Amino acid sequence: MSDTNDKNPGARKPLSLKKSGSGVVRQNISGGRSKSVVVEKKKRRLIGVPGKSEKPAPVKKPKPEAPVDEVAEKARKLGLSKSEYVKRQQALDSAAAEQSKREALRQAEEDERQRRMDEERKALVAKKKAEEEAELRRIAEEEAEQKRQEAEAARRAPTAAQKILAEDEEKDERTALEKAGGRIKKQRTGGGPKAKSGSKSSDRRRKGKLTIVSALSGDDERQRSLASLKRAREREKERQRGGGDKLKVARDVTIPEVITVGELANRMAERTSDVIKYLMKQGTMAKVNDPLDADTAQLIAEDFGHVVKRVAEADVEDDFISVSPDDEGSLKSRAPVVAIMGHVDHGKTSLLDALRSTDVASGEAGGITQHIGAYNLKLKSGDTITVLDTPGHAAFSAMRSRGAEAVDIVILVVAADDGVKPQTIESIKHAKAAGVPIIVAVNKMDTYEADARKIETELLQYEIITESMSGETQSVHVSALKKTGLDDLADAISLQAELMDLKANPDRNADGLVIESKIEKGRGPVATLLVKRGTLKRGDIVVAGQYWGKVKAMMDERNAQLKAAGPSVPVAVMGFDGAAAPGEPFAVVDSEAKAREITEYRVRKAKQDAVSKPTAMASMEQMMAKLKGKEVSEMPVLVKADVQGSVEAIKSSVEGAGNDEVKARVIHGGVGAISESDVMLAKSSQAPILAFNVRPNRQAKDLAEKEGVEIRYYSIIYALLDDVKGVLQGMLQPERRETFIGYAEILEVFNISKVGKVAGCRITEGRVERACGVRLLRDNVVIHEGMLRTLKRFKDEVDKVQAGMECGMAFEKYEDIRKGDQIECFTVEYVDRTLD
């Protein structure tokens, strides 16, 4: 490496990054390696030359000490040249600038969207306000009209009553005067005794209204009472008001998904007969206890003038996990959650062990990871990261998908001596679907076949462009065996996390995801939870999927007891009433009653789905089998595993191992040791039990031996899948293969006693073998297919006859042969089939 001096462009500059004459030079070594060498060049000083006069050297002013080149110093510490370091810094600056530009654009779009929403909201509020004012004016006008009518009725009602009273009084006075005049006339004419006789008849009870005039006159005629007059006045008032209809009261009616007619009428405070009459007018005949769907009930309630509030059974899950954003002031920085993903046997767990200085890989069955592991690591820089180690086997696709969705950064591990493989491609797809950044870790760089350039080139076709190829994806070369490149990998993770600016609110109820769950002996259900927001404390009530529990104890990956777990912290929690499914969200609720209500609804819904879906599937399968004329053979199995994720992986792989003719069906899959109920279920279903990393208890083992239930034990998943595929292949019907061997022409037909008809034939093509299959062709039409019974050459039985020779042939159970017929000969063999 050489640079040009600024004062003399033609001169060669010493190999140095400083003006003092010292520097760092990268020296290439065989095998594609290189190392940095410190080079320092010193000038010789001539003290004096004999024979020449010494001239006094000009006094030079001392040059100021050259400033230390900080860029070169940082580049030397990183093992890079100054130009490489500058380019890297420029790339980082451009990435940060691009990120800020995108953030500014996104903020502008968000502001514009918020402005439009505010305008729409204001317009909606104004419209609603105008409608409310119009409604208020209408109500005020109706009330004014009603008051006017009431005043008019009140004005006219007293007039009518007074008229009635005046008529009654006038009639009473007229009657009284007439009777009084008649009594006086009778007294004048001498009618005294008759008056006494009239007074004797007044012992009867008087009726009607009693007045002084009527009492004096002795009139017993029924008169109108004062109460009757009051009632007449009230009726007149009601008639003036419009018939006496009461004002309807608009009520808030809560309508569930299904409600009866009687219950709807009760909530509306209406008569049931009115609701039934309304339905009859709409063409629906209904009784009191008939159910109505929510839409119909809403139409009825609105037509009756009530306000409807729809509720559903799923409303119990409202506010289960709060989606409202936290205040900016309450947010604090949190550790990044990183998932290590890649193909099987590419060194993911070994790389994690190198970071943790542990040896998890040596304890794994078959040398492969078969469940998700969560670890909390503290780097040399002091930063903390949370790492999820995902399986790489093809059967654990669901686990890899959950791992990508739960993390902030994905580390894609690719073996430098193996290249991009199917699970590597699948991991890339999961990471892109989850929208998380990727850091490529090229592992096994210590091997002879390692070629990092080839790996980065292969990743280009999957849109993974590394920084060395002018992309944005960071690429780090590491060796888990030699523990090289680990610091660079940690720096890459810290840099990516710093760019993402990860924050969370620790002062709220905790929520997050279930990473894994299992049932341990002596502990019960144990769930590994990853807290995303809030702080999980001992004693909190947690709901996850169909199970809930009170946190009794929390442990980290080293089984150390914890009292609280903040954001981005994985913990193993005891206290659940069952093993929750991996990937289920969890959250802390306020009370046990709320937790029971949520879990009971989820269990009920799961049962409904389980009852409805298999019935439809079975009917479709039966229909397709009838259309094809085939019957599908099923192999029922029962699966028990150590963790819930393994149960899901085994179930999906086993059920997908068959074809159109044979398939496996998992009748039950559970977590924990094999129990007696599992053995009885397997016995009733005639199914074997596949035990993955679990064992039966003593009672279950004795019961299985007694009932003849087979239990197979596995610790590696691909051994289990190979056995299932072998059994399914044995259930397949062998394939019938037919091979043509020759033609024969019937020259003559001989009828031999005790033998039957025998055809004298000549072999025209190929050969004929004894006991081979034959088809009889007449006019090129197959009229019989069967087996050859006799093959003779002259009088001897022979095994085969070649072309051009003559022989005698007889068929099994068939004698309708004629001269000139053709005989086609073939052999049949049966070949075992495979699922592929």
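Predicted, not measured: the structure shown is a model, and the values here were computed from it. (Residues numbered from 1 in each chain as written. Predicted model: local features only at pLDDT ≥ 70, side-chain atom pairs only at ≥ 80, totals over all residues. Heavy atoms only, no water.)

Caption draft 1: Examining the pairing of strand S31 (residues 781-793) more closely. Across six bridges, the pairing between strand S30 (residues 773-778) and S31 is antiparallel. Considered in S31, the bridge of Leu776 is made with His784. Examined bridge by bridge, S31 and strand S34 (residues 806-811) share four bridges and lie antiparallel to one another. Bridge pairing links Lys792 to Gly808 in S34. Pairing of S31 with strand S32 (residues 796-797), which is carried by two bridges, proceeds in the antiparallel orientation. Counted as the bridge partner of Arg793 is Asp796 from S32. The turn linking S31 back onto S32 is made up of two residues, and Phe794 within it adopts a positive phi angle of 60°. (Pairing = 2+ DSSP bridges. Helix = DSSP H or I, 4+ residues; strand = E, 2+ residues; numbered from the N terminus.)

Caption draft 2: Examining the packing of aromatic side chains more closely. Summed over the entire model, instances satisfying the criterion amount to two aromatic pairs. Ring plane angle 55° and centroid distance 5.0 Å describe the contact between Phe740 and Tyr743, whose orientation is recorded as tilted. Exposure remark for Tyr743: the relative accessible area of 25% places this residue in the partly exposed category. The ring centre of Phe826 lies 4.2 Å from the NZ or CZ of Arg775, which sits over that ring. (Phe/Tyr/Trp six-rings, centres within 6.5 Å; stacked < 30°, edge-to-face > 60°. Buried < 20%, exposed > 50% of the residue type's maximum accessible area, 1.4 Å probe, protein only. Lys NZ or Arg CZ within 6 Å of the ring centre and 35° of its normal.)

Caption draft 3: Expanded view of unusual backbone geometry. Positive phi values are uncommon outside glycine, yet Asn780 reaches one of about 60°. Locating Asn780 in the fold gives a position in the loop between S30 and S31. In this structure Asn780 comes out as exposed when scored by relative accessible area, which is 73%. At Phe794, a position not held by glycine, the phi torsion is positive, near 60°. The exposure class assigned to Phe794 is exposed, which follows from its relative accessible area of 72%.

Caption draft 4: The arrangement of the packing of helix H7 (residues 272-281) against helix H8 (residues 294-303) in detail. Where H7 meets H8, the axes come as close as 12 Å, and the angle between the chain directions of the two elements is 110°. One way to sum up the angle between H7 and H8 is to call them roughly perpendicular. With respect to the hand of their crossing, H7 and H8 are arranged in right-handed fashion. Facing Val275, Tyr278 and Leu279 of H7, the residues of H8 in contact are Leu299, Ile300 and Asp303. Its residues placed into classes, the contact of H7 with H8 shows five nonpolar, no polar and one charged. (Axes fitted to C-alpha atoms, helices over the stretch in contact; angles between N-to-C directions. Parallel < 35°, antiparallel > 145°, perpendicular 65-115°, else oblique. Left-handed = near helix turned anticlockwise from the far one by under 90°. Contact = heavy atoms within 4.5 Å. Nonpolar A, V, L, I, M, F, W, Y, C, P; charged D, E, K, R; others polar.)

Caption draft 5: Looking closely at a negative patch on the surface. A cluster of acidic residues, Glu257, Asp315, Asp318 and Asp319, forms a negative patch at the surface. Looking at where Asp315 falls in the secondary structure, it is placed in the loop between strand S6 (307-310) and strand S7 (332-333). (Patch = residues over 30% accessible without salt bridge, like charges linked within 9 Å, V, L, I, M, F, W, Y side chains within 5 Å. Areas by Shrake-Rupley, 256 points an atom, 1.4 Å probe, with all protein chains shown as cover. Salt bridge = Lys/Arg side-chain N within 4 Å of Asp/Glu carboxyl O. Lys, Arg positive; Asp, Glu negative; His and termini not counted. Charge placed at Lys NZ, Arg CZ, Asp CG, Glu CD.)

Caption draft 6: Representation of the nonpolar core within the structure. One finds Leu388, Val410, Ile438 and Leu459 to be the most contacted residues of the largest nonpolar core, which totals 25 residues. Among the elements of the structure, strand S8 (337-342), strand S11 (409-415), helix H11 (422-434), strand S12 (438-443), helix H12 (452-458) and strand S15 (511-520) are those that each provide at least two residues to this core. When near neighbours in sequence (up to four residues on either side) are disregarded, Leu459 contacts Leu412, Val420, Ile428, Val440 and Ile464. (Core = buried A, V, L, I, M, F, W, Y, C linked by side-chain atoms within 4.5 Å.)

Caption draft 7: Highlighting the sheet that holds strand S24 (residues 633-641). Strand order in the open sheet formed by four strands is S25-S24-S26-S27, with parallel pairing between adjacent strands. Where the open sheet ends on each side, the last strands, each with one partner, are strand S25 (662-671) and strand S27 (711-714). In this sheet, neighbouring strand axes are inclined to one another by 25° on average, regardless of whether the strands run parallel or antiparallel. As paired strands, strand S26 (residues 689-692) and S27 are joined by four bridges and run parallel to one another. The partner of Leu690 across the bridge, within S27, is Arg712. Across the sheet, helix H16 (residues 676-685) touches S24, S25 and S26, and the angle it forms with S24 is around 175°. The strands touched by helix H18 (residues 717-731) within the sheet are S24, S25, S26 and S27, with S24 carrying the most contacts at an inclination of about 165°.

Caption draft 8: Layout of the pairing of strand S28 (residues 735-752). Bridge count between S28 and strand S35 (residues 822-831): ten bridges; the pairing is antiparallel. Paired with Glu738 across the strands is Val828, a residue of S35. The pairing of S28 with strand S29 (residues 756-769) spans ten bridges and is classified as antiparallel. What sits directly across from Ile746, in S29, is Cys761. Hairpin connection between S28 and S29: a loop of three residues separates the two successive antiparallel strands, and Lys754 in this loop has a positive phi of roughly 65°.

Caption draft 9: Here's a closer look at the environment of Ile598. Mapped onto the elements of the fold, Ile598 is located in helix H14 (residues 592-628). The buried category is assigned to Ile598, whose relative accessible area is 0%. Taking the C-alpha atoms as reference points, Ile598 and Tyr547, 51 residues apart in sequence, are found 9.1 Å from one another. For Ile598, the residues in contact, after removing those within four places along its chain, are Val316, Glu317, Phe320, Val543 and Val589.

Caption draft 10: Main features of the side chain of Ser517. Looking at the element boundaries, Ser517 is found in strand S15. The buried category is assigned to Ser517, whose relative accessible area is 1%. With residues up to four places along the chain from it excluded, the contact list for Ser517 reads Val526, Ala527, Ala579, Ala580, Pro582, Asp642, Val643 and Gln644.

Caption draft 11: Representation of H11. In this model, H11 (13 residues) spans 19 Å end to end at C-alpha, consistent with the 18 Å of a helix rising 1.5 Å per residue. After H11 finishes, the residue Gly435 shows a positive phi value of roughly 70°. (Expected span 1.5 Å × (residues − 1).)

Caption draft 12: Seen up close, the confidence of the model for the protein chain. Of all residues in the protein chain, 77% have pLDDT values of 70 or greater, and the mean over the chain is 78. Averaged pLDDT values for the elements of the protein chain fall to 42 in helix H3 (residues 192-200) and rise to 92 in strand S18 (residues 541-544). Counted against residues more than four places away or in other chains, residues 15-20, with its pLDDT under 50, gives 17 contacts. Note that pLDDT drops below 50 for residues 358-371; the model gives that stretch 36 contacts with residues more than four away or on any other chain. (pLDDT = per-residue confidence, 0-100.)

Caption draft 13: Highlighting the pattern of salt bridges. Inspection of every chain in the model, using the stated rule, returns 38 salt bridges. The residue Arg115 makes a salt bridge to Glu112 at a minimum N-O spacing of 2.3 Å. One end of the pair is Arg115 and the other is Glu112, both in helix H2 (residues 82-188) and three residues apart, which spans about a single turn. Here Arg767 ties to Glu769 by a salt bridge, and the two come within 2.9 Å at their closest N and O atoms. The class for Arg767 is partly exposed, based on a relative accessible area of 29%. Judged by its relative accessible area of 23%, Glu769 falls in the partly exposed class.

Caption draft 14: View of helix H6 (residues 261-268). Among the residues of H6, Val261, Gly262, Leu264, Ala265 and Met268 are the ones counted as buried. Viewed along the axis of H6, the buried residues span an arc of 160°, placing them on a single side of the element. Of the surrounding elements, those touching the buried residues of H6 are strand S3 (252-255), strand S4 (258-260), H7, strand S5 (291-293) and H8. Ala269 lies just past H6 and shows a positive phi near 60°. (Arc of directions from axis to C-beta.)

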